[in-house]
Amino acid sequence: MIKAVLGTMPMFWPGLLCSLVPAALLNRVVGRWLRAHWAVAFVLLLALGGLVTLTLLPDAWGPFWAYSRRAARHCELTGFGLRPLREFTTVNPTSLDVALFVPIGLAAALAGTRARAAAVLLGATALPFAVEAVQYALPGIGHACTAQDVLDSLLGLALGAGAGLLAGPVARAGVRSLRAGEFPPHP
């Protein structure tokens, strides 16, 4: 299944490389701005690059303009809701939409201060709507605009943010202990 998904996305590997390089170069700068560890910034930047690669680049082989002729500019707004749990246990578009946003939510929740975390989470909440708006505006990229994708992406964002909020105190205590030279941290 993964091979089939990647086979229809010729820009996946170049897009991943193009995401990895800025994440490696900018993680310390973004980490300082977020007042977070550089690893949090790296995950956030890499996840944002993956988001662009997987949702906004053309998804099939062939010239971009070939898809524009048969693409329809519409957004599917019906038939959306929370999916059954079994849909998240296999690799499919629903589980990929959720999984794509989990690291963004995780990194956003681990941003240094509460104000920074709230600002990053607010910006991350706008991302699913922005992605679908671009997919609507550029039907030639071969991705459909659907309300279900927004819901799935928001679910992934919420799961990641929840995990980040739960793991945040433990991660911060671990970083403080490492900086102080003691490990494991004392309760």
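Residues numbered from 1 in each chain as written. Predicted model: local features only at pLDDT ≥ 70, side-chain atom pairs only at ≥ 80, totals over all residues. Heavy atoms only, no water.

### Section: the overall build of the chain
Part 1: Helix and strand counts for the chain come out as seven helices and two strands.
Part 2: Secondary structure of the chain in N-to-C order comes out as α-α-α-α-β-α-α-β-α.
Part 3: Across the 187 residues in the chain, those meeting the buried criterion constitute 34%.
Part 4: Total accessible area on the chain stands at roughly 11,100 Å², and carbon and sulfur atoms take up 72% of it. (Helix = DSSP H or I, 4+ residues; strand = E, 2+ residues; numbered from the N terminus. Buried < 20%, exposed > 50% of the residue type's maximum accessible area, 1.4 Å probe, protein only. Areas by Shrake-Rupley, 256 points an atom, 1.4 Å probe, with all protein chains shown as cover.)

### Section: the packing of helix H3 (residues 38–56) against helix H6 (residues 114–137)
Part 1: Put simply, H3 and H6 touch, their axes get as near as 11 Å, and they point 15° apart. Classified by the angle between their axes, H3 and H6 sit roughly parallel to one another. Viewed along their axes, H3 and H6 form a crossing whose handedness is right-handed. Judged by residue contacts, Leu-44, Leu-48, Leu-51, Thr-55 and Leu-56 of H3 engage Val-120, Leu-127, Val-131, Val-134 and Gln-135 from H6. (Axes fitted to C-alpha atoms, helices over the stretch in contact; angles between N-to-C directions. Parallel < 35°, antiparallel > 145°, perpendicular 65-115°, else oblique. Left-handed = near helix turned anticlockwise from the far one by under 90°. Contact = heavy atoms within 4.5 Å.)

### Looking at the side chain of Ser-153
Part 1: Along the chain, Ser-153 turns up in helix H7 (residues 147–180).
Part 2: Judged by its relative accessible area of 5%, Ser-153 is buried.
Part 3: In terms of polar contacts, Ser-153 uses its side chain to reach the backbone carbonyl oxygen of Asp-149, at 2.8 Å.
Part 4: Leave out the neighbours within four places in its chain, and Ser-153 touches Asp-97, Phe-101 and Pro-128. (Polar contact = N/O pair within 3.5 Å; in protein donor to acceptor, adjacent residues only side chain to side chain.)

### Thoughts on the packing of aromatic side chains
Part 1: According to the stated counting rule, one finds zero aromatic pairs in the structure shown.
Part 2: A cation sits over an aromatic face here: Arg-116 above Trp-33, 5.0 Å from the ring centre. (Phe/Tyr/Trp six-rings, centres within 6.5 Å; stacked < 30°, edge-to-face > 60°. Lys NZ or Arg CZ within 6 Å of the ring centre and 35° of its normal.)

### A look at the environment of Leu-44
Part 1: With respect to the helices, strands and loops of the structure, Leu-44 is situated in helix H3.
Part 2: For Leu-44, the residues in contact, after removing those within four places along its chain, are Leu-34, Ile-104, Ala-107 and Val-120.

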